[in-house]
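# Per-entry structural report
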Amino acid sequence: MNIYDISKQSGVSIATVSRVINNSGYVAEKTRKKVMEVIEKNSYSPNAFARGMSTSSMKTVGILTTNIRDLYQAQCVYYLEQDLKKHGYTAMLCCTGDEQAAKKEHVELLASRSVDALIFIGSHFVEKSEKDNGYIYAASNHIPVFLLNGCLSHSNIYSILCDDEKGCYELTKCALDHGAKSPYFLATRDTFSVQRKWKGFKKACKEHDIEIDDSRFRLLEDGFEQLGSQVFSILQDTDIDAAICVDDEIASIVEKVADYCKRKVPRDLQITGYNDSIFAKLAHPAISSFDNRTAYMCSQAIYGLVQVLEGKEFPEETMYTGKVVLRHSTND
């Protein structure tokens, strides 16, 4: 999609399209609306990129995260920035939040700063609707886009991700092998990554002849107090004997609530986390988790970014495996 396509689809001149895009000169409101409808329909994002295009590299890479307070995302920012420095690049960080409009706005902001590439941290940026991913596709029409632990298929988008399905399968299998009969899957968001983990959870349950339906997928409200009260309800109202959590933070809260409820871990309740973070290591008992090799993922992203910017080949999708780290929360 370019300015000529917009002109053709909207039935107006290229000059008129240019005036609408740059908000310069008079354009009748009816005509402006017609042009904007074509732009929005095709997820065209010309303003920032067109103005930011340059023949010389600025040696700057835009990094986008939804929540810098999230430990996993914060670690990614650290590793990415360190590797970028080694290659002479400067990082420009944007914390977008979860709102779709804010994500798009921040992408356009980075583009206006003439960044050489964009890195999106986490599957929070991968939407179920292809239309909602349009702003990422539009960005990739101008500069390389790297997506960490998410996957979108489009030219100039490079996805680097850990095999979360296998990781959650192995964690769930571990709990079931140690005698769990009634596992529950706990998450605070329904993202691309979470859905892959859910798939691995169901696969392990099926192999152990445990019937699973959507009631086993508990989508909890984020926040310490809200999480605590909801976990308390689950422990009181269900026959749960294994909590398969999508991250270590949730797992550590489950363990605290279990202690309050006089549920012994791992005797009464097995718990697994994910990311193998400090939350898992400092818990008591320490929590079995999955090391998704965050540092490796980030180093691969920067390696690929440099390759692409130098005009070399790099695969559009790279999937790697992590490893289960067994601790005392799973009868081991």
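Our subject is the structure that appears above.
These lines cover the structure that appears in this document, whether it is placed above or below. No experiment lies behind these values; they were computed from the predicted model shown.

## Considerations on the overall build of the chain
Tallying secondary structure elements over the chain gives 13 helices and 12 strands in all. With respect to the three principal axes, the spread of C-alpha positions in the chain is 70 × 45 × 35 Å. A separation threshold of at least 6 residues defines the contact pool for the chain, and within that pool the share at least 24 residues apart is 70%. Element-wise, carbon and sulfur atoms account for 48% of the exposed surface of the chain, whose accessible area totals about 16,100 Å². Looking at the chain, you have 39 positive and 45 negative side-chain charges, and the mean spots of the two groups are 4 Å apart.

## Thoughts on the nonpolar core
In this structure, Phe185, Leu186, Leu235, Cys245, Val254 and Ile271 are the most contacted members of the largest nonpolar core, which totals 40 residues. If you tally residues by element for this core, the top one is helix H11 (residues 248–260), at six residues. Beyond its immediate chain neighbours, meaning those up to four positions away, cysteine 245 contacts Leu186, Ile250, Ala251, Val254, Ile271, Thr272, Gly273 and Tyr274. Membership of the second largest hydrophobic core comes to 28 residues, among which are Met297, Ala301, Val308 and Phe314.

## Notes on the packing of helix H1 (residues 3–10) against helix H3 (residues 29–41)
How two helices pack is summed up by the angle between their axes together with the distance between the axes. Interhelical geometry of H1 versus H3 gives an angle of 125° and a closest axis separation of 9 Å. Between H1 and H3, the angle falls in the class oblique. Crossing geometry of H1 relative to H3 is assigned as right-handed. Of the residues in H3, those touching H1 at Ile6, Gln9 and Ser10 are Lys34, Val35, Val38 and Ile39. Here the contact of H1 with H3 is composed, by residue class, of four nonpolar, two polar and one charged.

## Digging into the sheet that holds strand S7 (residues 217–219)
The parallel open sheet is built from four strands, whose spatial order is S7-S6-S8-S9. For this open sheet the edge positions go to S7 and strand S9 (270–272), each flanked by a neighbour on one side alone. Strand-to-strand twist in this sheet, taken as the mean axis angle between neighbours without regard to direction, amounts to 20°. Two strands pair when backbone bridges link them, and strand S6 (residues 183–187) and S7 are joined in this way by three bridges, in the parallel orientation. Across the sheet, phenylalanine 185 pairs through a bridge with phenylalanine 217, a residue of S7. On top of the sheet, helix H9 (residues 192–207) reaches S6, S7 and strand S8 (242–245); it is set at about 175° to S6, its chief contact.

## Re the sheet that holds strand S11 (residues 317–320)
Pairing is parallel in the open sheet, where six strands are placed in the order S2-S1-S3-S4-S5-S11. Two strands bound the open sheet, and with one partner strand each, they are strand S2 (90–95) and S11. Ignoring strand direction, the axes of neighbouring strands in this sheet form an average angle of 15°. The sheet contacts of helix H13 (residues 294–309) involve strand S1 (60–65), strand S3 (117–121), strand S4 (145–148), strand S5 (157–162) and S11, and relative to S4 the element is tilted by about 170°.

## Regarding the pairing of S11
The alternating pattern of S11 places Thr318 and Tyr320 on a buried face and Glu317 and Met319 on a face that is not buried. Pairing analysis gives four bridges linking S5 to S11, with the strands arranged parallel. Bridge assignment links serine 159 to a residue of S11, and that residue is glutamate 317.

## Points about the packing of aromatic side chains
By the definition in use, this model includes 14 aromatic pairs. Ring geometry for phenylalanine 146 and tyrosine 158: centres 4.9 Å apart, planes at 20°, overall stacked. In this pair, phenylalanine 146 is assigned in strand S4 and tyrosine 158 in strand S5, connecting sequence segments 12 residues apart. Here phenylalanine 146 matches tyrosine 158 in class, with each residue buried.

## Concerning the environment of lysine 206
Tracing the backbone through its elements, the reader meets lysine 206 in helix H9. The class for lysine 206 is exposed, based on a relative accessible area of 68%. For lysine 206 and aspartate 237, which are 31 residues apart along the polypeptide, the C-alpha to C-alpha distance reads 24 Å.

## A few points about the pairing of S1
Across the six residues of S1, six count as buried, placing the element largely inside the fold. In S1, alternate side chains face the same way, and those of Thr60, Gly62 and Leu64 on one face and Val61, Ile63 and Thr65 on the other are all buried. Here S1 runs beside S2; their pairing, made up of six bridges, is parallel. Bridging across to S2, glycine 62 finds its partner in methionine 92. Each parallel crossover has a hand, and the one from S1 via helix H5 (residues 71–86) to S2 is right-handed. Here four bridges tie S1 to S3, and the two strands are oriented parallel to one another. From the neighbouring strand, glycine 62 faces S3, where its bridge partner is leucine 118.

Analysis parameters
- Residue numbers restart at each chain and count upward from 1, following the sequence in its written direction.
- Where totals are concerned, whole chains, interfaces and linings use all residues; where local detail is concerned, this predicted model gives features only for residues with pLDDT of at least 70, and gives and counts side-chain atom pairs only at 80 or more.
- Processing note: side-chain calculations cover all non-hydrogen atoms of the structure and skip hydrogens and water entirely.
- Each helix is a run of DSSP H or I of at least 4 residues and each strand a run of E of at least 2, with the numbering of both proceeding from the N terminus.
- Only heavy atoms enter the contact rule, under which two residues are in contact if any of them lie within 4.5 Å.
- Accessible areas in this description were obtained via Shrake-Rupley with a 1.4 Å probe; residue shielding takes into account the shown protein chains only.
- Only four residue types enter the charge count, namely Lys and Arg as positive and Asp and Glu as negative; His and the chain termini do not.
- A charge is said to be at NZ when it belongs to Lys, at CZ for Arg, at CG for Asp and at CD for Glu.
- The definition of a nonpolar core used throughout is a set of buried Ala, Val, Leu, Ile, Met, Phe, Trp, Tyr and Cys residues joined through side-chain atoms within 4.5 Å.
- Burial classification: accessible surface area is computed with a 1.4 Å probe over protein chains only, and a residue below 20% of its type maximum counts as buried, one above 50% as exposed, and the rest as partly exposed.
- An axis is simply a line fitted to the C-alpha atoms; with a helix, the fit covers only the stretch in contact. Between two such axes, the angle follows the N-to-C directions and lies from 0 to 180 degrees.
- Here is the rule for angles: anything less than 35 degrees is roughly parallel, anything more than 145 is roughly antiparallel, 65 through 115 is roughly perpendicular, and the remaining ranges are oblique.
- With the far helix as reference, a near helix turned anticlockwise by less than a right angle produces a left-handed crossing, and one turned clockwise produces a right-handed crossing.
- Here the nonpolar group is Ala, Val, Leu, Ile, Met, Phe, Trp, Tyr, Cys and Pro; Asp, Glu, Lys and Arg are the charged ones; every other residue, Gly included, is treated as polar.
- A pair of strands counts as paired when DSSP detects no fewer than two bridges linking them.
- Side-chain rings of Phe, Tyr and Trp (the six-membered ring for Trp) are treated as a pair once their centres are within 6.5 Å; stacked means planes under 30 degrees apart, edge-to-face means over 60, and tilted covers the remaining angles.
- Seen with the strands pointing away from the viewer, any crossover whose path from the first strand over the helix to the second strand runs clockwise is right-handed.

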